[in-house]
Amino acid sequence: MMRLSQRASAIKPSSTLEITTLAKKMRAEGIDVIGFGAGEPDFDTPSNVKEAAIRAIQEGFTKYTPVPGIDELRAAIAKKLEKDNNLIYRPSEVIVSCGAKHVLFNAIMALFEEGDEVIVASPYWETFLEQIQLMGATPVIVYTDESTDFQVTRELLETAITKKTKGLILNTPCNPTGAVIDREHLKAIAALAVEKNIYVISDETYEKLVYEDAEHVSIASLNPEIKELTLTVGALSKSYSMTGWRIGYAAGPAEVIKAMVNLQSQSTSNPTSIAQKAALEALTGPQEALSEMRLEFLRRRNYIVQELNTIPGISCLKPKGAFYVFPKVSSLYGRTYQGRTISNSKDLASYLLAEARVAVVPGSAFGSDQHVRLSYALSMEHIREGLHRIKEAIGKLL
Ligand code: PLP
């Protein structure tokens, strides 16, 4: 047996991937499972983007590129940030990495170490916690709930600040709750961060997926002081259905970007050359596919929320963004089926998988055992059938 490093032994595998893998395995065995676990759009990558990648291959654009990405792509990202996010950055203040996850890894490694505390709001995307711990820093969790539409507030953050607080991770729109932090809340959080000199990593991976009157606001755009403290993280993964292409980016203070580039130069080097050309086309080409996808997500969100709320024991807020709902299911705890008691979110997820052949992700994976997460990145037909099965299975609980 090889003796692993403490670092590797301590890391937990991604539980969202775990449940999707399990559902896939059941499907391979011929069991018809409906998966609400997916963390990626079910739409294909737009064809103009695919064609740009094919062209890149045919033209021989298949070699190393500069570590932080090709100049045209960094410039296109800077332009996008100006147009969409009201943020002015030079291309040299932008880094392109292998997906937002890799960007975050570089950023957290560049900024945090042992002795540092980093505040994360629950429900959270578990990768934040794991990456912070991997760097030897300590995640400090603050708990949000339905009373603020799962938005983190200045007041809540204040309770968690100590002398060791170095950073804060924001995620708007949020995975898993779909919460979008509104401008007023962000202003108050920005004022606190500036007052206490706390660095902000703002994960805006789902920025394009906001619905109806919700507005996506980049905290760094609020004033020059908060911009100095903030690293804005984005990706093409969810906006352009490009999860497999692995392109994400960050923009922020030059010295942080430079440190991230140095780290990247000693690990992955550049993100894939071909994917960079595809990303350039995604950002600069036609944007229709994006609006169509957003419309379809909106339709599904409305349906799933409405239906979930008709199931006794389940209550679900209508999230303003992303493609997840995060219903509260804890009033089902204590109920039984054939002698088996549902005591927590994992029990409920296992029950639904076994009894309803429906995969949902236990809320405990995101810091709230009272909830489960359902993605609506699956067809309406599957959503309908899946909800029907859930309703039936829940009806059997005594
Ligand atoms: N940030 C959040 C909040 C996410 O939910 C995800 C993916 O699920 C990512 C980042 C990772 O995105 P990427 O696929 O670009 O690494």
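Since we're looking at a predicted model, the values are computed, not measured.

Caption draft 1: How the structure looks around the environment of Leu236. Counting through the fold element by element, Leu236 comes out in the loop between strand S7 (230-235) and strand S8 (248-251). Take Leu236: its relative accessible area is 1%, and that puts it in the buried class. Between the alpha carbons of Leu236 and Thr177 there is a distance of 20 Å; along the sequence they are 59 residues apart. When sequence neighbours within four positions are dropped, the list of residues in contact with Leu236 reads Ser241, Met242, Ile247, Tyr249, Ala279, Ala282 and Leu283.

Caption draft 2: Local environment of the site of the ligand. For the ligand, the set of nearby residues contains 13 residues, the closest of which are Asn175, Asp203, Tyr206, Ser237 and Lys238. Between the ligand and Lys238, the relevant distance is 2.7 Å, taken from an oxygen atom to a side-chain nitrogen or oxygen of the residue. Taking Arg246, its side chain carries an N or O atom lying 2.8 Å from an oxygen atom of the ligand. In isolation the ligand has 400 Å² of accessible area, and contact with the protein removes 93% of it. Because more than half of its atoms lie within 2 Å of the grid, the ligand is assigned to the largest pocket. Residues that form the shell around the ligand fall into these classes: four nonpolar, five polar and four charged.

Caption draft 3: Inspection of the pairing of strand S5 (residues 165-171) at higher detail. For S5, the tally of buried residues reaches six of seven residues, placing the bulk of the element in the interior. In terms of strand pairing, strand S3 (residues 117-122) meets S5 through four bridges, oriented parallel. By the bridge assignment for S5, Val120 is matched with Ile169. Sheet topology places S5 next to strand S6 (residues 199-203); five bridges connect them, and they run parallel.

Caption draft 4: A look at the layout of surface pockets. There is about 880 Å³ of room inside the largest pocket. Among the secondary structure elements, those contributing two or more residues to the lining of the largest pocket are helix H2 (15-28), strand S1 (34-35), helix H5 (100-111) and helix H6 (126-134). Here the lining of the largest pocket takes seven residues from H2, the largest share from any one element. Looking at side-chain class alone, the lining of the largest pocket contains 13 nonpolar, 15 polar and ten charged residues.

Definitions and limits used
Along each chain, residue indices are assigned from 1 in the same order as the chain's sequence is written. Since the coordinates come from a predicted model, pLDDT governs what is reported: local features require at least 70, and pairs of side-chain atoms require 80 or more to be given and counted, while whole-chain, interface and lining totals use all residues. Hydrogens and waters are ignored; side-chain quantities use all the structure's heavy atoms. Secondary structure counts use DSSP, requiring at least four H or I residues in a row for a helix and at least two E residues in a row for a strand, with both numbered from the N terminus. For the exposure calls, accessible area comes from a 1.4 Å probe over protein chains only, and a residue counts as buried if that area is under 20% of its type's maximum, exposed if over 50%, partly exposed in between. We call two residues in contact when some of their heavy atoms are within 4.5 Å. The criterion for a residue being near a molecule or strand is simple. One of its heavy atoms has to lie within 4 Å of it. A 3.5 Å cut-off defines polar contacts: any pair of N or O atoms within that distance qualifies, except that in protein one atom must be a possible hydrogen donor and the other a possible acceptor, and neighbouring residues in sequence count only when both atoms are side-chain atoms. Surface accessibility follows the Shrake-Rupley procedure with a 1.4 Å probe radius. Residue values consider only the protein chains on display as shielding. Space inside and on the surface of the protein is sampled on a 1 Å grid over the protein atoms alone, with a cavity defined as a set of points where a 1.4 Å probe fits but cannot get out and a pocket as an open set with protein on both sides within 12 Å along at least 5 of 7 lines; lining residues have an atom within 4 Å of a point. Any molecule with more than half of its atoms within 2 Å of a cavity's or pocket's grid points is regarded as sitting in that cavity or pocket. Residue polarity follows a fixed list, in which Ala, Val, Leu, Ile, Met, Phe, Trp, Tyr, Cys and Pro are nonpolar, Asp, Glu, Lys and Arg are charged, and the others, Gly among them, are polar. If DSSP finds at least two bridges between two strands, the strands pair. Grid points are joined across faces, edges and corners, and a volume is the space filled by probe spheres set on the points.

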